[in-house]
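Single-letter residue listing:
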Amino acid sequence: MKHSRRIHASVAMAALTSLALSASLQAAEIKVGLVAALSGQSAQSGEAITRGLTIAMDEINAKGGVLGDKLVLIKRDDESSPPKGVTAARELISSEKVVALFGGIDTPVSLAIVPIANQNKKPFIGVWAAGTNITKNGATPNYVFRVSAQDDLVDIALIKYAMSKYNSKNPGLILVNNPWGESNEKGLKAAAAAANISIAGVEKVEQADVDVTPQLNRLKTAGADALILVANAGPGAQMMKSRERMGWNVPVVSHWGISGGRFDELVGPTAGDVHFIQTYSFFSPPTPASEKIMAELGKKYGVKTAADIIAPVGTANAYDAMQLLAQAIEQAKSTDGDAIRQALEQIESYTGLIKTYKKPFATPAHEALAPEDYVMVRYDAGKIVPVK
Amino acid sequence: MGLQEYLSALITGAGIGSMYGLVALGYYTTYAVSRTVNFAQGSSLMLGAVLTFTLSTQWHWPVFLAVLMALVLCGLWGYFVEVIAVRPFVKRNSDAWLMATVALGLILENIVLFSFGKDPRGQSSPLLQIGFDLGGLHLNALQLLIPAAGFVIASILALGMRFTTLGKSLLAIAQNRIAARLMGIDSEKLIGIAFALSGIFAGIAGILIAPLYTVSAGMGTVFGIKAFAAAILGGIESAAGVMMGGLLLGITEALLVTALGSTYAQMFSFGLTIVVLCMRPAGLFGKRGVNKV
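Residues numbered from 1 in each chain as written. Chains lettered and ligands numbered in written order. Predicted model: local features only at pLDDT ≥ 70, side-chain atom pairs only at ≥ 80, totals over all residues.

**Details of the overall build of chain B**
Each helix and strand in chain B was counted, giving 12 helices and two strands. Put simply, chain B runs from its N terminus to its C terminus through helices and strands in the order α-α-α-α-α-β-β-α-α-α-α-α-α-α. Its C-alpha atoms put chain B at 60 × 50 × 35 Å along the principal axes. Taken over 293 residues, chain B has a buried fraction of 52%. In chain B, the proportion of contacts linking residues at least 24 apart, taken out of those at least 6 apart, comes to 74%. (Helix = DSSP H or I, 4+ residues; strand = E, 2+ residues; numbered from the N terminus. Buried ≥ 20, exposed ≤ 12 C-beta atoms within 10 Å, placed from the backbone. Contact = placed C-beta atoms within 7 Å.)

Right, dumping it as structure tokens:
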């Protein structure tokens, strides 16, 4: 009898110890959330962002974590759908208790998450979606930051590139029919007006469009001497296939949405005709950070060369964004949303993958990257390489 | 906008429209025989494209064999839809097959999403590389093959319905199922065959459209909806009608984009469908039904 009591007591002790242990283990985690397209036409963007965040987190955790705790990534697939993104963001904040959120490629999804982040005082860092209103959302204080390109600035760069590279004086715009396309329509028209050139026309492409020939015919008739494309991989590929069918060899300059999927496979041989913008190229001269990340990409994901990196901009932006967030949490000495926000605005310097950031964020400037960080690239046999 | 642009829109519209028509032929086949519709048609289109891509590109089967196997499986899928999602409800005089076929289509879409992958893939075709100029327009072989295939299949179906024993049996079931059974026609089996045919038609559409589009689990959804609009527009009780309905919808969409720009095209094309239906409820080529009281 005594023996059995002793066994019961030891079982109870063991259970309590394991409970306490698991509680202490849970307390030793700082959760950060990611809401991105992990499936669908932009699935590669979500995978690339996950890789960048994971490599940065593993590096931080190997050095002892943040505030002595380990960083943990909780991912949710928004399927490029704003309602699904909103549900995921709410769940991550209320159930998973994440300290901050990262966003994916889709501007409409990020725009839908912005009010939730601001209401719940959770820092939301965009690492791909470039919609201007994501960070310039009118909220004070503003919990939304970005380590990525911004549409208004990209639009200026695209117009400038079309003019300098192709001597374009009358480009046609072909834009995805969603808020991201609309945001760029305004930006591109303003950029063209500022550069004193005309716009041949504005045509929209739907996510499910099979043939874009009628839209392209309208632009061709209007005398477009170059096309400026703002779309994700699927509709962008449909536009390029229609251009090929028409036999119209007009130059194409594109925003970076096309690099979020298998654009080169979907388009075929003419994928290389598109020159598009990126915030970073792994073909840049190597730095300690890029060498470290290449090694990790090889170890974790079997990446052999820079050309094998899928959607490189997602990995690069996400890596730097995660490092900046970790630095802010350390600086704030707290995981409180408002403290992290203030700390992000007070970061002095960080030497990252894309560049050495000097005061990356301030009030109200929440953009870590500027036009001088943009590079033009193209597909070459399935690989993204800089334009010579 | 010049004549050439409208001619180009006409060819574009005829290509897409024939695809709507092919899928809509499946709606016609099942409706004509059983007064039920296979709303999983979009998923059959997707299945045809996904299977052909998997077998030919990933498993390196000869294209002919891959297409044949894909169509056999699409036919089996159509038959399966009838047995699982239509027959049990029709037997109980219930209209729940409406929801059941939609649900089965969604289930297949999700199975493909997890097995095939979430990334849309690009199907290459040598037909895309065969290009030629026609009246100042640059065309490829696939653009001409698609409408041609649509019309050949619609003609075979129309002739088959009229002149073969199977076709006559199917029409007999449509006219009076009990009388047909008394004449020794196995109506259950033939309705199953009609659903298998509907799956094959959609599969052909999927295989033909894949090189022009992308291959993914969700590729059939919009096609399924538009094809149903085409069937209603043309008159779901006429094979030629649904094919013409598909062509009309495809060409109208392309012409509207050419004339007015892409922003309002969807709104106008579906608006036009509603207007036509208000004026001719049985569709453009359908005959008004007679109710004997």
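Structure's up, so let's keep going.
**Section: the interface of chain A and chain B**
Counting from both sides, the interface comprises 28 residues of chain A and, opposite them, 28 residues of chain B. Mapped by element, the contributors of at least two residues to the side of chain A that touches chain B are helix H2 (43-62), strand E7 (201-205), helix H8 (213-221), helix H9 (233-246) and helix H10 (263-267) of chain A. Here the side of chain A that touches chain B is built from residues that sort into eight nonpolar, 12 polar and eight charged. (Nonpolar A, V, L, I, M, F, W, Y, C, P; charged D, E, K, R; others polar.)

**So, the packing of helix H2 (residues 41-58) of chain B against helix H9 (residues 187-209) of chain B**
Residues and elements named next belong to chain B. Viewed as axis vectors pointing N to C, H2 and H9 meet at an angle of 55 degrees, and their least axial separation amounts to 7 Å. The angle between H2 and H9 places the two elements in the oblique class. In the crossing of H2 with H9, the sense of the turn from one axis to the other is right-handed. Note on element contacts: H9 touches H2 through Ser198, Gly199, Ala202, Gly203, Ile204, Ala205, Gly206 and Ile207, opposite Gln41, Ser44, Leu45, Met46, Leu47, Gly48, Ala49 and Thr52. Of the residues that constitute the contact of H2 with H9, the class distribution is eight nonpolar, eight polar and no charged. (Axes fitted to C-alpha atoms, helices over the stretch in contact; angles between N-to-C directions. Parallel < 35°, antiparallel > 145°, perpendicular 65-115°, else oblique. Left-handed = near helix turned anticlockwise from the far one by under 90°.)

**Some remarks on the sheet that holds strand E9 (residues 252-254) of chain A**
Residue and element names in this part refer to chain A. The seven strands lie next to each other as E7-E6-E8-E9-E10-E13-E14, forming an open sheet whose pairing is mixed. Looking at strand neighbours, the two that pair on one side only are E7 and strand E14 (383-386), the edges of this open sheet. Mean inter-strand twist for the sheet, computed between neighbouring axes without regard to direction, equals 30 degrees. (Pairing = 2+ DSSP bridges.)

**Observations regarding the environment of Thr165(B)**
All names here are of chain B. On the secondary structure map, Thr165 appears in helix H7 (residues 165-175). According to the C-beta neighbour criterion, Thr165 is exposed, with 8 such atoms within 10 Å. In this structure the C-alpha to C-alpha distance between Thr165 and Ala240, which are 75 residues apart in sequence, comes to 20 Å.

**Re helix H7 (residues 179-194) of chain A**
Residue and element names in this part refer to chain A. Look at H7: 23 Å from first C-alpha to last across 16 residues, which is about the 22 Å you get at 1.5 Å a residue. Buried within H7 we find Trp180, Gly181, Ser183, Asn184, Gly187, Leu188, Ala191 and Ala192. With its buried residues spanning 160 degrees around the axis, H7 presents them on a single face. Considering only its buried residues, H7 is in contact with helix H4 (107-119), helix H5 (132-135), helix H6 (151-166), strand E6 (172-176), E7 and strand E8 (227-230). (Expected span 1.5 Å × (residues − 1). Arc of directions from axis to C-beta.)

**Points about the nonpolar core**
Residue and element names in this part refer to chain A. If you look at the biggest cluster of nonpolar residues, it comprises 119 residues, and the most contacted ones within it are Phe102 and Leu325. At 11 residues, the largest contribution of residues to this core is made by helix H12 (residues 312-332). When near neighbours in sequence (up to four residues on either side) are disregarded, Phe102 contacts Val32, Gly33, Leu34, Ile49, Leu53, Ile125, Val127, Ala318 and Ala321. (Core = buried A, V, L, I, M, F, W, Y, C linked by C-beta atoms within 7 Å.)

**Observations concerning the pairing of E8(A)**
All names here are of chain A. Every second residue of E8 is oriented toward a common face, with Leu227 and Leu229 on one face and Ile228 and Val230 on the other, all of them buried. Here E6 runs beside E8; their pairing, made up of four bridges, is parallel. Each bridged residue has a counterpart across the sheet, and for Ile174 the counterpart in E8 is Leu229. Bridge count between E8 and E9: three bridges; the pairing is parallel. Each residue of the ladder has a partner; that of Leu229, found in E9, is Ser254. What joins E8 to E9 is H9, and the crossover it makes is right-handed. (Right-handed = clockwise from strand over helix to strand, strands pointing away.)

**Things to note about the confidence of the model for chain B**
Any region with low pLDDT has predicted coordinates that should not be read closely. For chain B, the average pLDDT comes to 87, and 97% of its residues sit at 70 or higher. In the predicted assembly, ipTM is 0.79 and pTM is 0.79. (pLDDT = per-residue confidence, 0-100.)

**Points about the sheet that holds strand E4 (residues 124-126) of chain A**
Hydrogen bonds between backbone atoms are what pair the strands of a sheet, whose relative direction is either parallel or antiparallel. Residue and element names in this part refer to chain A. Overall, parallel pairing links the five strands, which are arranged E2-E1-E3-E4-E5 in an open sheet. Looking at strand neighbours, the two that pair on one side only are strand E2 (70-77) and strand E5 (144-146), the edges of this open sheet. Between one strand and the next, the sheet's axes are offset by a mean angle of 25 degrees, whatever the strand orientation. By the bridge criterion, eight bridges tie strand E1 (residues 29-36) to E2 in an arrangement that is parallel.

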